[in-house]
Amino acid sequence: MTATPQEFMPHISELMRSIELCALITHKQGAIVSRPMSTNGEVDYDGDSHFFTRLSSGVVADIAHDPEVALMFHRTPGLLAGAPVFVHVQGRAEVIQDRARFAKHWHSSVDAWFEDGINSTDLCMLKIHAHRVAFWDGMEHGDIVLA
């Protein structure tokens with residue numbers, strides 16, 4: 001089923017809120033590479049995801065070569081967790097080096113990775129702007145095409 005963003009984005013946001021980590025999938029010299037990334041408490045999903053990393057990291061080099069990426073969110077079923085959840089995002093990555101923008105998305109859980117917080121010298125933020133979001137939550141499923 002194909003849905004409009006207005007119909008399912010609140011539901012997608014709720015599903016993603018229950019998942020702390022996702023896989024960021026990039027292309028590297030003809031290979032597909034996947035890395036775990038924290039959602040950093042970003043739960044009001046509007047089609048953009050933000051992640052902090054190091055400017056010198058391999059993921060930044062991958063994005064410089066090919067900015068088309070994917071995100072894969074998965075929650076296994078369980079007594080307290082509920083039904084299984086899968087959310088797949090296809091999008092375009094942008095590397096941001098603006099500290100004012102960092103502050104809007106910073107979460108205290110990121111402090112453990114960056115000793116000087118938003119003033120860390122090698123810090124950058126990845127913004128993934130979704131083109132398409134597919135989801136399945138055990139009951140409902142959808143494929144949302146975004147502008």
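Small disclaimer: the values here were computed from a predicted structure and weren't measured. (Residues numbered from 1 in each chain as written. Predicted model: local features only at pLDDT ≥ 70, side-chain atom pairs only at ≥ 80, totals over all residues. Heavy atoms only, no water.)

1. Considering the overall build of the protein
Phase 1 of the analysis: Within the protein, the regular secondary structure consists of three helices and eight strands.
Phase 2 of the analysis: Reading the secondary structure of the protein in the N-to-C direction produces β-α-β-β-β-α-β-β-α-β-β.
Phase 3 of the analysis: Of all 147 residues assigned to the protein, the portion counted as buried reaches 42%.
Phase 4 of the analysis: Taking the intrachain contacts of the protein between residues at least 6 apart in sequence as the baseline, contacts between residues at least 24 apart amount to 64%.
Phase 5 of the analysis: When the accessible area of the protein is evaluated, it comes to approximately 8000 Å², of which 56% is carbon and sulfur surface. (Helix = DSSP H or I, 4+ residues; strand = E, 2+ residues; numbered from the N terminus. Buried < 20%, exposed > 50% of the residue type's maximum accessible area, 1.4 Å probe, protein only. Contact = heavy atoms within 4.5 Å. Areas by Shrake-Rupley, 256 points an atom, 1.4 Å probe, with all protein chains shown as cover.)

2. Points about the environment of His107
Phase 1 of the analysis: Relative to the helices and strands, His107 is located in the loop between helix 3 (99-105) and strand 7 (123-136).
Phase 2 of the analysis: The exposure class of His107 is partly exposed, given its relative accessible area of 31%.
Phase 3 of the analysis: Spatially, the C-alpha atom of His107 lies 9.5 Å from that of Thr39, the residues being 68 residues apart in sequence.
Phase 4 of the analysis: Within polar-contact distance, the side chain of His107 engages the side chain of Ser109 at 2.9 Å. (Polar contact = N/O pair within 3.5 Å; in protein donor to acceptor, adjacent residues only side chain to side chain.)

3. Points about the layout of surface pockets
Phase 1 of the analysis: Of the voids in this model, the largest pocket is the one considered here, and its volume is about 270 Å³.
Phase 2 of the analysis: Considering the residues around the largest pocket, the lining is formed by 13 residues, among which Pro36, Met37, Ser38, Phe52 and Trp113 are closest to the centre.
Phase 3 of the analysis: Those elements giving two or more residues to the lining of the largest pocket turn out to be strand 3 (31-38) and strand 4 (48-54).
Phase 4 of the analysis: Classifying every residue of the lining of the largest pocket by side-chain character gives seven nonpolar, four polar and two charged. (1 Å grid on protein atoms, 1.4 Å probe; cavity = no way out; pocket = protein on both sides within 12 Å on 5 of 7 lines; lining within 4 Å. Points joined across faces, edges and corners; volume = space filled by probe spheres on them. Nonpolar A, V, L, I, M, F, W, Y, C, P; charged D, E, K, R; others polar.)

4. Section: unusual backbone geometry
Phase 1 of the analysis: The phi dihedral of Gln29 falls on the positive side, at around 50°, and the residue is not glycine.
Phase 2 of the analysis: By the secondary structure assignment, Gln29 is in the loop between strand 2 (21-28) and strand 3.

5. Quick word on the confidence of the model for the protein
Low-pLDDT portions of the prediction should not be read for the details of their coordinates.
Phase 1 of the analysis: In the predicted model, the protein carries a mean pLDDT of 87, and the fraction of residues at 70 or more is 89%.
Phase 2 of the analysis: No element of the protein has a lower mean pLDDT than strand 1 (residues 2-3), which averages 55, and none a higher one than helix 2 (residues 58-65), which averages 97. (pLDDT = per-residue confidence, 0-100.)

6. Thoughts on the pairing of strand 2
Phase 1 of the analysis: As defined by bridge partners, strand 2 adjoins strand 3 across eight bridges and the pair is classed as antiparallel. Bridged to His27 within strand 3 is Ile32.
Phase 2 of the analysis: Between the end of strand 2 and the start of strand 3, which pair antiparallel, lie two residues, with Gln29 showing a positive phi angle near 50°.
Phase 3 of the analysis: Sheet topology places strand 2 next to strand 5 (residues 68-75); four bridges connect them, and they run antiparallel. For Ala23, the partnering residue across the bridge sits in strand 5 and is Met72. (Pairing = 2+ DSSP bridges.)

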